[in-house]
Amino acid sequence: MTVTPDTASSGIRSLIPARIDRLPWSKFHTRLVVALGVAWVLDGLEITIASNVGPDLTLPNTLHMSASSVADIATWYLIGEVIGALFFGQLSDKLGRKNLFLVTLGVYLVGSGLTALTPKGGYWFIFLYLTRVIAGMGIGGEYAAINSAIDEMIPARFRGRVDIAVNGTYWAGAFLGTIVTLVALNHISTTLGWRVAYLVGPVLALVIIFVRRHLPESPRWQIMHGREKEAEASIAEIEADVAATEGQTPPVDPSREILIRPTEQIGYLALLRTLFQHYPSRSIYGATLMITQSFLYNAIFFTYGLVLEFFFNVPTGSTPYYFMAFAFGNLLGPLTIGRLFDTIGRRKMISGTYLLSGILLVITAQLFKAGALNAVTQTLCWTVIFFFASAGASAGYLTVSEIFPLEMRALAIALFYAVGTAIGGLMAPTLFGNLLQSGRRDWLVYGYLAGAGLMLTAALVELLLGVASEQKSLEDITAPLTSEPPGVAAGRS
């Protein structure tokens, strides 16, 4: 159904949001989460592989790159993520969630596959950087399209724990990447090992892309764009799938019907005007969570191996084993305490996880400064800190995906992800790299204290500006811009 002037003015009365939120958990939802959640596994896989194969790329029989050139690989990948998030985020709101989560996975597959084929010598390192940008664009686009699709198709009472768990699977990818590089670099020749490692992600993506083809489009997105017949077909398909495994679906409360007027595409300028005019406090809130967690993670993640090597004399060949424990703690947090964000509530859990990780980081920094830690106890401290920080960081992505209107959900996710990555993600590795270069523990401690201060600040912002969105329909958290009554959106602030 195309949008006509009559449709736009009269609007569409729909129970689709209520029909989605009243569904029980089913095999359909599990399939949806597995097919879409692989985006974070791939991101963790890519970052870890790039970090672990870096030393091999400096060898004369591989690409013979300089150490600084190898370090730039991660930067170009992050730049690609920012570009991809902004570009594909806008397209996701315009063309649909399903179209984009197929395209973005394909872009990643091509980019990472080409990385493995990088020729040796000359200026081919430029080709390597370009392929890293392309792969990053695919993953950056995934964040916007996938978070939107998951939030819009998962019932409200499960949304928090599912979104947090899915975002946390980044560390399952990091764990997998560590195993892949251990096998590839230790059991395959140096000329081929790094190439084989880079091909694991595209192979996984190739399998998942076929699973995604059979997922329906988001009915919420369809109804917002005036595609009433397609939306009814999509929700009927979902309900039939759920009923086939869970039995008769619960009845729908007729009072939950909303009136939506199909909307035109919103661009970034219109998005910024809307954010500043109608959602200033939520914008500050979302940006704070994204920037602080991005700074902390990129600061620790990209320098973890160097800290072990410089201050604890851990051989580079042993670093992956320490990293596996670090990744395990990061994965365990979202999987075990994620449900509490739906039961205890967003404000208490987000502020609590940010607060705990900040305090524990201060304590660990002081122990590090005093020389009271060894490689094992330092790793144990990081594992405990990031058990909480990982759940909090995942909740940051959840927050920016649910507190803004449907019409601009993917666009908002893309914008806040890009801001967080550009400010926190790109700045932190450079800052901590310079602190490490000094070789002084006290200077590095100042960096850790800065990261802790940012996390404590975010905890305070959460307490002041946080939104109690647990177990609420997306339309109750923030009504669509075009819903009835016109111009009144739930919770604008």
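Residues numbered from 1 in each chain as written. Predicted model: local features only at pLDDT ≥ 70, side-chain atom pairs only at ≥ 80, totals over all residues. Heavy atoms only, no water.

### Looking at the pattern of salt bridges
Side chains that differ in charge, positive against negative, can pair when their charged atoms come close.
Line of reasoning, step 1. Taken as a whole and assessed by the stated rule, the structure comprises 18 salt bridges.
Line of reasoning, step 2. One salt bridge connects Glu-239 with Arg-22, and the closest N-O pair in it is separated by 2.8 Å. Of the two residues, Glu-239 is situated in helix α11 (residues 228–246) and Arg-22 in the loop between α2 (16–21) and α3 (27–53); the sequence distance between them amounts to 217 residues. The pair Glu-239 / Arg-22 is uniform in exposure class, with both members buried.
Line of reasoning, step 3. With a shortest N-O distance of 2.7 Å, Glu-46 and Arg-132 are connected by a salt bridge. With Glu-46 in helix α3 and Arg-132 in helix α6 (residues 124–153), this pair connects stretches of sequence that are 86 residues apart. (Salt bridge = Lys/Arg side-chain N within 4 Å of Asp/Glu carboxyl O. Helix = DSSP H or I, 4+ residues; strand = E, 2+ residues; numbered from the N terminus. Buried < 20%, exposed > 50% of the residue type's maximum accessible area, 1.4 Å probe, protein only.)

### Here's the deal with the confidence of the model for the protein
Line of reasoning, step 1. Confidence along the protein averages 87 in pLDDT terms, with 95% of residues attaining 70 or more.
Line of reasoning, step 2. When the criterion is pLDDT under 50, residues 1–8 qualifies, and its contacts beyond four places in sequence or with other chains add up to 15 contacts.
Line of reasoning, step 3. The low-confidence segment residues 484–490, where pLDDT is below 50, has 15 contacts with residues more than four positions distant or belonging to other chains. (pLDDT = per-residue confidence, 0-100. Contact = heavy atoms within 4.5 Å.)

### Structural notes on the packing of helix α7 (residues 156–168) against helix α8 (residues 170–187)
Line of reasoning, step 1. Look at α7 against α8: their axes get within 4 Å of each other, and the N-to-C directions meet at 25°. In terms of their interaxial angle, α7 and α8 are classed as roughly parallel. Contacts between α7 and α8 involve Val-166, Asn-167 and Gly-168 on the former and, on the latter, Tyr-170, Trp-171 and Ala-172. (Axes fitted to C-alpha atoms, helices over the stretch in contact; angles between N-to-C directions. Parallel < 35°, antiparallel > 145°, perpendicular 65-115°, else oblique.)

### Considering the side chain of Gln-222
Line of reasoning, step 1. Along the chain, Gln-222 turns up in helix α10 (residues 219–224).
Line of reasoning, step 2. For Gln-222, a relative accessible area of 7% translates into the label buried.
Line of reasoning, step 3. At a separation of 2.8 Å, a polar atom in the side chain of Gln-222 contacts the side chain of Ser-234.
Line of reasoning, step 4. The residues touching Gln-222, leaving out its near neighbours within four places in the chain, are Glu-217, Arg-227, Glu-230, Ala-231 and Ser-234. (Polar contact = N/O pair within 3.5 Å; in protein donor to acceptor, adjacent residues only side chain to side chain.)

### Concerning the nonpolar core
Line of reasoning, step 1. Counting 133 residues, the largest nonpolar core has Trp-171, Phe-326, Phe-368, Trp-382, Phe-386, Leu-444 and Tyr-448 as the members making the most contacts within it.
Line of reasoning, step 2. Residue contributions to this core peak at 15 residues, all from α3.
Line of reasoning, step 3. Every residue in contact with Trp-171, bar those within four places of it in the chain, is listed here: Tyr-297, Phe-301, Phe-323, Phe-326, Ala-327, Asn-330, Leu-331 and Ser-390.
Line of reasoning, step 4. One finds Ile-223, Ala-231, Ile-258 and Leu-406 within the second-largest nonpolar core, a separate group that totals 10 residues. (Core = buried A, V, L, I, M, F, W, Y, C linked by side-chain atoms within 4.5 Å.)

### Notes on a nonpolar patch on the surface
Line of reasoning, step 1. Together, Leu-355, Ile-359, Val-362, Ile-363, Leu-367, Trp-443, Tyr-446, Leu-449 and Leu-456 make up a nonpolar patch on the protein surface, roughly 730 Å² of accessible area in all.
Line of reasoning, step 2. Elements that contribute at least two residues to the nonpolar patch include exactly α17 (346–369) and α20 (441–465).
Line of reasoning, step 3. The element contributing the most residues to the nonpolar patch is α17, with five residues.
Line of reasoning, step 4. Taking the relative accessible area as the measure of exposure, Ile-359 reaches 39% and is therefore partly exposed. (Patch = residues over 30% accessible without salt bridge, like charges linked within 9 Å, V, L, I, M, F, W, Y side chains within 5 Å. Areas by Shrake-Rupley, 256 points an atom, 1.4 Å probe, with all protein chains shown as cover.)

### Here's the deal with the packing of helix α13 (residues 280–301) against helix α18 (residues 375–402)
When two helices pack together, their arrangement is given by the angle between the helix axes and by the axis-to-axis distance.
Line of reasoning, step 1. Viewed as axis vectors pointing N to C, α13 and α18 meet at an angle of 145°, and their least axial separation amounts to 9 Å. As for the relative orientation of α13 and α18, their crossing is left-handed in sense. The segment α13 lies against α18, with Tyr-285, Gly-286, Leu-289, Met-290, Gln-293, Leu-296, Tyr-297 and Ile-300 engaging Trp-382, Phe-386, Ala-389, Ser-390, Ala-393, Gly-396, Tyr-397, Thr-399 and Val-400.
Line of reasoning, step 2. Within the contact of α13 with α18, the residues separate by chemical class into 12 nonpolar, five polar and no charged. (Left-handed = near helix turned anticlockwise from the far one by under 90°. Nonpolar A, V, L, I, M, F, W, Y, C, P; charged D, E, K, R; others polar.)

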